[in-house]
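Coordinates in review
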Amino acid sequence: MEIVRSIEALHAARQKREGSIGFVPTMGALHEGHLSLIRQARAENDTVIVSIFVNPTQFLEGEDLDAYPRREAADAKICEVAGVDILFMPTVETMYESDELCIGAPARRGYILEGAKRPGHFDGMLQVVMKLLNLSGATRAYFGKKDAQQLALIQQMVRNYFLPTQIVACEIVRDSDGLALSSRNAYLRPEERRRALCLSRSLKKATELIQSGTLESAAIEAAMAEILSEADRVEYIAIVDRDFNALEQVEIGNTIILVAAWVGKPRLIDNIWV
């Protein structure tokens, strides 16, 4: 595995290789969820590139940029064992100038749910993903469904800007107790981790209701809210279609049920695709 930190070194490493490129962008603190993306990229491409870059432009003032977990040596070893060919670990100075062009999230889908709670977050996320897709020359790029709104906006950006990369949506990976894997889970104390399971339990309840024939969004949201009372604060429960339009009734095959809540220090998100 080659570890590269400059754009010139990344280009040189890419030029040594032929065939398709699978790209997995990350902010590090790698866990089994990231590994599932890397494994799928490894199975489907000739070359696998992983980036580790904690992108400052997608953190809002007061968020956990400085405290975000960083484990560079451990992450590099994980990538090497997983069969990554090129690990790209740039600095902020490598990725950004002082006066940058900006990419704006769309007016509706970029400013609801996550975008409403974290205004400007998606602008920074799309900006860095655009840069990384261009730098990697990716044939395919792999993103998890846990960040469902992020995934939808990246797909739209690729479509709107006619980028040649295929965006591959990958299933959510959960711990044995049902908690969706996230680097921020490291912030949870044992008692908080137990309470954090209310997110996945609320989604399981939604699934059970749908399977029993309950499709009304209000009824499903009410049942979820009762379970989510274990969280310190619930930011939203949303039932939307794949274009993120609110639904009064679940549409089988075209629905995402999303939840965001604070448990202890971290803000957690989870969802199911119905």
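What counts and how
- Residues numbered from 1 in each chain as written.
- Predicted model: local features only at pLDDT ≥ 70, side-chain atom pairs only at ≥ 80, totals over all residues.
- Heavy atoms only, no water.
- Helix = DSSP H or I, 4+ residues; strand = E, 2+ residues; numbered from the N terminus.
- Rg over C-alpha atoms; globule rule 2.2 N^0.38 Å.
- Buried < 20%, exposed > 50% of the residue type's maximum accessible area, 1.4 Å probe, protein only.
- Pairing = 2+ DSSP bridges.
- Axes fitted to C-alpha atoms, helices over the stretch in contact; angles between N-to-C directions.
- Contact = heavy atoms within 4.5 Å.
- Disulfide = S-S within 2.5 Å.
- Phe/Tyr/Trp six-rings, centres within 6.5 Å; stacked < 30°, edge-to-face > 60°.
- Lys NZ or Arg CZ within 6 Å of the ring centre and 35° of its normal.
- Arc of directions from axis to C-beta.
- Polar contact = N/O pair within 3.5 Å; in protein donor to acceptor, adjacent residues only side chain to side chain.

Side note on the overall build of the protein
A count of helices and strands for the protein gives nine helices and nine strands. Whereas a compact globule of 274 residues would reach a radius of gyration of roughly 19 Å, the protein reaches 19 Å, a difference of no more than 12%. By its C-alpha atoms, the protein is 55 × 40 × 40 Å across when sized along the principal axes. Burial analysis of the protein (274 residues in total) assigns 54% to the buried set.

Things to note about the sheet that holds strand β7 (residues 233-241)
Across the sheet, which stays open at both edges, the three strands sit in the order β7-β8-β9 with antiparallel pairing between neighbours. Two strands bound the open sheet, and with one partner strand each, they are β7 and β9 (267-273). Neighbour-to-neighbour, the strand axes of the sheet open up by a mean angle of 10°, direction not taken into account. Most of the contacts of helix α9 (residues 217-227) go to β7, to which it runs at about 150°, and overall it touches β7 and β8 (255-262).

Considering the state of the cysteines
Disulfide: a covalent bond connecting the sulfur atoms of a pair of cysteines. The full count for this structure, using the stated rule, is zero disulfides. Of the cysteine sulfurs around cysteine 79, a residue in no disulfide, the closest is that of cysteine 170, at 15 Å. Under the relative-accessibility criterion, cysteine 170 is labelled buried at 3%.

Details of the packing of aromatic side chains
Throughout the structure, instances matching the rule amount to one aromatic pair. Aromatic pair phenylalanine 53 and tyrosine 96: ring centres 6.4 Å apart, planes at 35°, arrangement tilted. Of this pair, phenylalanine 53 sits in the loop between β3 (47-52) and α3 (72-81) while tyrosine 96 sits in the loop between α4 (92-95) and α5 (114-117); the two residues are 43 residues apart in sequence, bridging distant segments of the chain. In this structure, phenylalanine 53 and tyrosine 96 share a single accessibility class: buried. Across from the ring centre of tryptophan 273, 4.7 Å away, lies the NZ or CZ of lysine 145, which sits over that ring.

Comments concerning α9
Structurally, the α-helix is built with 3.6 residues per turn, so residues lying three or four positions apart point the same way. All of the buried residues in α9 are Ser217, Ile220, Ala223, Met224 and Ile227. Seen end-on, α9 carries its buried residues on one side only, within an arc spanning 135°. Residues of α9 that are exposed and point more than 90 degrees away from the buried face comprise Ala218 and Glu226. Contacts made by the buried residues of α9 are with α8 (190-211), β7 and β8.

Describing the environment of aspartate 85
Relative to the helices and strands, aspartate 85 resides in the loop between α3 and β4 (86-88). Using a relative accessible area of 14% as the deciding quantity, one classes aspartate 85 as buried. Through-space distance from the C-alpha of aspartate 85 to that of arginine 109 is 35 Å; in sequence the pair is 24 residues apart. If we skip the residues at most four places from it in the chain, aspartate 85 touches Met1, Glu2, Arg17, Arg42, Asp46, Thr47 and Val48. In this structure the side chain of aspartate 85 is engaged in a polar contact, spanning 2.8 Å, whose partner is the backbone nitrogen of valine 48.

Digging into the pairing of β9
β9 sits mainly inside the fold: six of its seven residues count as buried. As paired elements, β8 and β9 share seven bridges and run antiparallel to each other. Each residue of the ladder has a partner; that of valine 259, found in β9, is aspartate 270. Connecting β8 to the antiparallel partner β9 that follows it, the hairpin turn spans four residues, and glycine 264 within it adopts a positive phi of roughly 65°.

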